[in-house]
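Notes for the structure review
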Amino acid sequence: MGELFSYFDGSSTLNSTCSSFVTGATVCFPPVKIPFYFSLRQNLFDGIPDTHIALAAPVLAYWLLSFLFYCLDISGWRWLDKYRIHDSEEVKSRNLATPWEVARAVLFQHVTQTVLGLVWLAESPEISVAQCQSEMEALGRTLVWVVRRLLGEETGMMFLELRGPGITHWLYWWGIPAAQILFALFIVDTWQYFLHRLMHTNRYLYKKIHSVHHRLYVPYAFGALYNHPFEGFLLDSAGAAFAESLSHLSVRQTIFLFAFSTCKTVDDHCGYSLPFDPFQMMSGNNADYHDIHHQAVGIKSNFSQPFFVHWDVLLGTRMTREDIQERRNKVKKS
């Protein structure tokens, strides 16, 4: 993309030069390069709105990653045995839902979330150099206001002349987008923890709704979204929609959020404890952690999903393999 702009005062001037960062009531930037991840194209793919990509991405991610784990299941590779949480025969004998029942429920979930997305997601605003300029100029003025009040007029101006353009650039292209994504992950985790826990503590909700998911006593990848339709809508679809809205994500950030959270959910149910799996390396909330929740000993624990375990830790509902072993040792002694 190259160098885009240096100064914005409402007239879309691209080639102005400036002697200082703060220029009257506005700010002045040196030439800025667009980061690798950003595209000025209105849509990533010609003829396909980005909103449609946001709805297709989680569906494709779900089945492609599930197929990968299915290939591992049937590979017969002996070196994988030490990473399996359960053996194949245990999956067949202990689960109460057939693969066809699981696939049918997941397909219904995907139809539901796609319909919701068509109603919920708005088309992307116009993507242009002028729009980027306007937003960066507004952010720069906000930065000036904050720094002046924190550091004082004289020190603040010295700091801004030295660091103002770089900080504004970093905030606009990296800091704020990353914070939005992290906040969206926090919302998803919070939404799912408290609703998931409610469905275990309320007998009616568990018996009529959440028990469907626990028909898979031994989880596997493409059963990750095997749920009662109401649970699928409330926990997964509505939760993701609220996270997108409250975090004020762009459509392209939404593509990432939907695809990433789907991959994480599939991985949490994959049935493997893989030391080289990036999704399992990102936090303690992984396939082994969630597998404990699917067992009788841990069904009242490990409600956190899909990203982190902070709510389990803070509210005392976390259970580890060490905790299980400690309980067994106490039973033996007694």
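Residues numbered from 1 in each chain as written. Predicted model: local features only at pLDDT ≥ 70, side-chain atom pairs only at ≥ 80, totals over all residues. Heavy atoms only, no water.

With that out of the way, let us pick up the pattern of salt bridges. Summed over the entire model, instances satisfying the criterion amount to 11 salt bridges. Two residues, Arg252 and Asp50, come together in a salt bridge whose shortest N-O distance is 2.8 Å. Residue Arg252 is located in helix H8 (residues 251-268), and its partner Asp50 is located in helix H1 (residues 50-75); the two are separated by 202 residues in the primary sequence. Note on accessibility: Arg252 and Asp50 belong to one class, buried. Two residues, Lys264 and Asp268, come together in a salt bridge whose shortest N-O distance is 2.8 Å. In this pair, Lys264 and Asp268 are both assigned in helix H8, 4 residues apart and thus about one turn of the helix distant. (Salt bridge = Lys/Arg side-chain N within 4 Å of Asp/Glu carboxyl O. Helix = DSSP H or I, 4+ residues; strand = E, 2+ residues; numbered from the N terminus. Buried < 20%, exposed > 50% of the residue type's maximum accessible area, 1.4 Å probe, protein only.)

Within the largest apolar cluster, 46 residues are counted, with the highest numbers of intra-cluster contacts made by Phe69, Val102, Tyr226, Leu257, Val266 and Tyr272. Within the residue set of this core, elements represented by two or more residues are H1, helix H3 (99-120), helix H5 (153-201), helix H7 (229-246) and H8. Of the residues forming this core, the biggest block, 9 residues, is contributed by H1. (Core = buried A, V, L, I, M, F, W, Y, C linked by side-chain atoms within 4.5 Å.)

With that out of the way, let us pick up the packing of aromatic side chains. On inspection of all chains with the given rule, the structure shows 23 aromatic pairs. Here Phe260 and Phe279 contribute two aromatic rings whose centre-to-centre distance is 5.8 Å and whose plane-to-plane angle is 40°, an arrangement assigned as tilted. Of this pair, Phe260 sits in helix H8 while Phe279 is found in helix H9 (residues 278-281), placing the two residues 19 residues apart along the sequence. Classification of Phe279 as buried rests on a relative accessible area of 18%. Of the aromatic side chains, those joined through ring pairs into one cluster are Phe186, Tyr193, Phe194, Phe303 and Trp311. (Phe/Tyr/Trp six-rings, centres within 6.5 Å; stacked < 30°, edge-to-face > 60°.)

In the UniProt entry, the feature "domain: Fatty acid hydroxylase" (unreviewed entry) is given for residues 182-317. This span, residues 182-317, is 59% helix and 0% strand, and a straight line between its end C-alpha atoms measures 23 Å. (UniProt positions renumbered as here; feature names shortened; annotations may be inferred.)

Turning our attention to the UniProt feature "transmembrane region" (unreviewed entry) in the chain. UniProt marks residues 52-70 and 171-195 with the feature "transmembrane region" (unreviewed entry), using the numbering shown here. Helix makes up 100% of residues 52-70 and strand 0%, and the two end C-alpha atoms of the span are 27 Å apart. Between the end C-alpha atoms of residues 171-195 there is a gap of 34 Å, over a span that is 100% helix and 0% strand.

With that out of the way, let us pick up the environment of Pro99. Position of Pro99 among the secondary structure elements: in helix H3. On a C-alpha basis, the gap between Pro99 and Gly223 in space is 8.2 Å, while along the polypeptide they are 124 residues apart. Excluding residues that lie within four positions of it along the chain, Pro99 makes contacts with Tyr220 and Phe222. (Contact = heavy atoms within 4.5 Å.)

With that out of the way, let us pick up the layout of surface pockets. Space inside the largest pocket adds up to approximately 1100 Å³. Residue lining of the largest pocket: 35 residues in total, with Phe38, Gln180, Ser250, Arg252 and Gln253 positioned closest to the centre. Those elements giving two or more residues to the lining of the largest pocket turn out to be helix H4 (129-151), H5 and H8. Looking at the lining of the largest pocket element by element, the count peaks at 8 residues for H5. (1 Å grid on protein atoms, 1.4 Å probe; cavity = no way out; pocket = protein on both sides within 12 Å on 5 of 7 lines; lining within 4 Å. Points joined across faces, edges and corners; volume = space filled by probe spheres on them.)

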